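Listed below, chain by chain, are the residues.
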Amino acid sequence: DAKTTQPPSMDCAEGRAANLPCNHSTISGNEYVYWYRQIHSQGPQYIIHGLKNNETNEMASLIITEDRKSSTLILPHATLRDTAVYYCIVSRPFGNEKLTFGTGTRLTIIP
Amino acid sequence: NAGVTQTPKFQVLKTGQSMTLQCAQDMNHNSMYWYRQDPGMGLRLIYYSASEGTTDKGEVPNGYNVSRLNKREFSLRLESAAPSQTSVYFCASIRWGRRNEQFFGPGTRLTVL
């Protein structure tokens, strides 16, 4: 599995867009980029995933660079409830895959 | 659907004691996982089961055993608990397909004295 690099922490003002970067320079062609978040001590929660095209859902947008070596998760209008640890993971979508979570980015939304 | 359930929610053990953490999912998922999370750290994979009848080691398997009892249930056993196994344990499941979303249980908070 490819490794990912994320900043350990970020702050964002409430109501502004939160942009969380992730580097995955060794990603292979059939690996997807997944984003999860963990609020306080709960189990992680899926946010979004993508292969090479930009993706958007009700929670967030995912921008993947053309060379696929990095991506950005965008929370368009951050709220206090978005304060969490955000994990970027790369993996093939197969049942025998090991998923490596890493330490993620601790996002703090400031009122 | 209850999703992924874990029992117990909390447990305190003495060094050397054994116990089994239970996990069940009702979403007909094929793959199930056990993770541990130490304070201030990310999740580390202990064991996983890609499908019923198969199990494989993850990043930190030492001191643990697992059983994929059937498609729904995946248990984690500590044969002789050690203080280094004090952690929060999360079970997860996934049905590989279009979304490939991994669903997590609420966690079991284990303290080994």
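Before reading on, note that the structure itself is shown above.
Please read all numbers here as calculations on a predicted model, not as lab measurements.

Calculation rules
- Residues numbered from 1 in each chain as written.
- Chains lettered and ligands numbered in written order.
- Predicted model: local features only at pLDDT ≥ 70, side-chain atom pairs only at ≥ 80, totals over all residues.
- Heavy atoms only, no water.
- Disulfide = S-S within 2.5 Å.
- Helix = DSSP H or I, 4+ residues; strand = E, 2+ residues; numbered from the N terminus.
- Buried < 20%, exposed > 50% of the residue type's maximum accessible area, 1.4 Å probe, protein only.
- Contact = heavy atoms within 4.5 Å.
- Buried area = accessible area lost by both parts, 1.4 Å probe.
- Salt bridge = Lys/Arg side-chain N within 4 Å of Asp/Glu carboxyl O.
- Polar contact = N/O pair within 3.5 Å; in protein donor to acceptor, adjacent residues only side chain to side chain.
- Nonpolar A, V, L, I, M, F, W, Y, C, P; charged D, E, K, R; others polar.
- Pairing = 2+ DSSP bridges.
- Axes fitted to C-alpha atoms, helices over the stretch in contact; angles between N-to-C directions.

Glancing now at the state of the cysteines. Considering all chains together, one arrives at two disulfides over all chains under this definition. Across a sulfur-sulfur distance of 2.1 Å, C22(A) and C88(A) are joined as a disulfide pair. Sign of the S-S torsion, about -80° for the bond between C22(A) and C88(A), identifies this disulfide as left-handed. Of the two residues, C22(A) sits in strand β2 (residues 18-23) while C88(A) sits in strand β8 (residues 84-91), which places them 66 residues apart along the sequence. Relative accessible area serves as the criterion here: at 0%, C88(A) is assigned to the buried category. Bridging C23(B) to C91(B), the disulfide has an S-S length of 1.8 Å. Taking the sign of the S-S torsion, about -75° here, the bridge from C23(B) to C91(B) comes out left-handed. In this pair, C23(B) sits in strand β3 (residues 19-25) while C91(B) sits in strand β9 (residues 87-94), placing the two residues 68 residues apart along the sequence. Each member of the pair, C23(B) together with C91(B), is buried. C12(A) carries a free sulfur, and the closest cysteine sulfur to it, the one in C22(A), is 18 Å from it.

A separate point is the environment of T72(A). Residue and element names in this part refer to chain A. On the secondary structure map, T72 appears in strand β7 (residues 70-75). T72 gets classed as partly exposed once you look at its relative accessible area, which sits at 24%. Beyond its immediate sequence surroundings of up to four residues, T72 is in contact with N19, L20, P21, S61, L62 and I63.

Residue and element names in this part refer to chain B. Residue position: K14 is located in the loop between β2 (10-13) and β3. Here K14 falls in the exposed class, since its relative accessible area comes to 58%. Linking K14 and V112, residues 98 residues apart in sequence, is a C-alpha distance of 5.5 Å.

A few words now on the interface of chain B and chain A. Listed by partner, the interface residues are 21 residues for chain B and 21 residues for chain A. Across the chain B to chain A interface the summed buried area is about 1800 Å²; carbon plus sulfur atoms make up 54%. Connecting chain B to chain A are zero salt bridges. Counting every contact that joins chain B to chain A gives four residue pairs in polar contact (both at pLDDT 80 or more). Of all elements in the fold, only β4 (31-37), β5 (43-49) and β10 (102-104) of chain B reach the threshold of two or more residues within the side of chain B that touches chain A. Tallied by class, the residues present in the side of chain B that touches chain A amount to 10 nonpolar, six polar and five charged.

The subject of this paragraph is the sheet that holds strand β1 (residues 9-13) of chain A. Residue and element names in this part refer to chain A. Spatially, five strands are ordered β1-β9-β8-β3-β4 in an open sheet, and the strand pairing comes out mixed. Each edge of the sheet is formed by a strand with only one pairing partner; in this case those strands are β1 and β4 (45-50). Adjacent strand axes in the sheet meet at a mean angle of 25° when their direction is disregarded. Where β8 lies against strand β9 (residues 105-110), three bridges are found, and the strand directions are antiparallel.

As a further point, take unusual backbone geometry. The omega torsion across T7(B) and P8(B) is -5°, close enough to zero to call that bond cis. The backbone phi angle of R68(A) is positive, close to 65°, even though this residue is not glycine. Even without glycine at this site, N28(B) takes up a positive phi of about 60°. Residue placement: N28(B) occurs in the loop between β3 and β4.

Our next topic: the sheet that holds strand β5 (residues 55-56) of chain A. Residues and elements named next belong to chain A. Pairing is antiparallel in the open sheet, where four strands are placed in the order β2-β7-β6-β5. If you trace the sheet from one side to the other, it starts and ends with β2 and β5, each paired once. Sheet analysis places strand β6 (residues 61-64) next to β7, joined by four bridges and oriented antiparallel. Bridge pairing links I63 to T72 in β7.

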